[in-house]
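Summary of structural features
Chain by chain, the residues run as shown.
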Amino acid sequence: MIDKEELKDKLREQIARTEEKIKGYESMSAPVSPDDAIGRVSRMDAINNKSVAEAALRQAKDKLSRMKHMLATIDDDPNFGSCKRCGKPIPPLRIILMPESPYCVRCA
Ligand SMILES: [Zn+2]
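The structure displayed is predicted, hence computed values, not measured ones.

**Some thoughts on helix H2 (residues 39-73)**
- Counted at 1.5 Å a residue, the expected span for H2 with its 35 residues is 51 Å, and the 50 Å between its end C-alpha atoms agrees.
- Within H2, the full set of buried residues consists of Lys-50, Ala-53, Ala-56, Leu-57, Ala-60, Leu-64, Met-67 and Met-70.
- In this structure, the buried side of H2 is in contact with helix H1 (4-28) and helix H3 (92-97).

**Concerning the coordination of the zinc ion**
- Looking at the zinc ion, the protein donor atoms are Cys-83 (SG), Cys-86 (SG), Cys-104 (SG) and Cys-107 (SG), and they sit 2.3 to 2.4 Å from it.
- Along the chain, the residues donating to the zinc ion fall in the pattern C-x2-C-x17-C-x2-C. Here Cys-83 is found in the loop between H2 and H3, whereas its partner Cys-104 is found in the segment after H3, with 21 residues between them in sequence.

**Examining the environment of Leu-11**
- Its place among the elements puts Leu-11 in helix H1.
- Given a relative accessible area of 0%, Leu-11 falls into the buried group.
- Separated by 44 residues in the primary sequence, Leu-11 and Ala-55 place their C-alpha atoms 23 Å from one another.
- Leave out the neighbours within four places in its chain, and Leu-11 touches Met-67, Met-70, Leu-71, Ile-74 and Ile-96.

Parameters at a glance
Each chain carries its own residue numbering, running from 1 in the written order of its sequence. In keeping with the predicted nature of the model, local features appear solely for residues at pLDDT of at least 70, side-chain atom pairs appear and are counted solely at 80 or more, and the whole-chain, interface and lining totals rest on all residues. With hydrogens and water excluded, all non-hydrogen atoms of the structure serve as input to the side-chain values. Secondary structure elements follow DSSP: runs of H or I of four or more residues count as helices, runs of E of two or more count as strands, with numbering from the N terminus. An expected span of 1.5 Å times one less than the residue number is assigned to each helix. The buried label applies to any residue whose accessible area, calculated with a 1.4 Å probe on protein chains only, is under 20% of its type's maximum; exposed applies above 50%, and partly exposed to all values in between. Here a residue-residue contact requires only that any non-hydrogen atoms of the pair lie within 4.5 Å. Distances define the donors: N, O and S atoms within 2.8 Å of the metal qualify, as do those within 3.2 Å of Na, K or Ca. Water is excluded, so some sites may look unfinished.

Put into structure tokens, the structure is as follows:
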């Protein structure tokens, strides 16, 4: 059995961090005004940074919703966090970082 409380703590921590990141990306991906007196090259930079920030924002939002879902369903599954092959507990950080993998490091 894994320590679900420990995992939940880690999840909450990651969720808070991801929400912070999302705020940052949101301010970076604000529309680039054509009236900004930043010159053509800086404007290109701004547009470039904006699309990078938008991609990062999408990823972070995706991750956030997966983590929230995990936190909400963690208690519903008695085998949550156990490797589907060997049954050993999967380290909490691996679960959070690779929620799509149902195996421990050795079995993956
Ligand atoms: Zn395993």
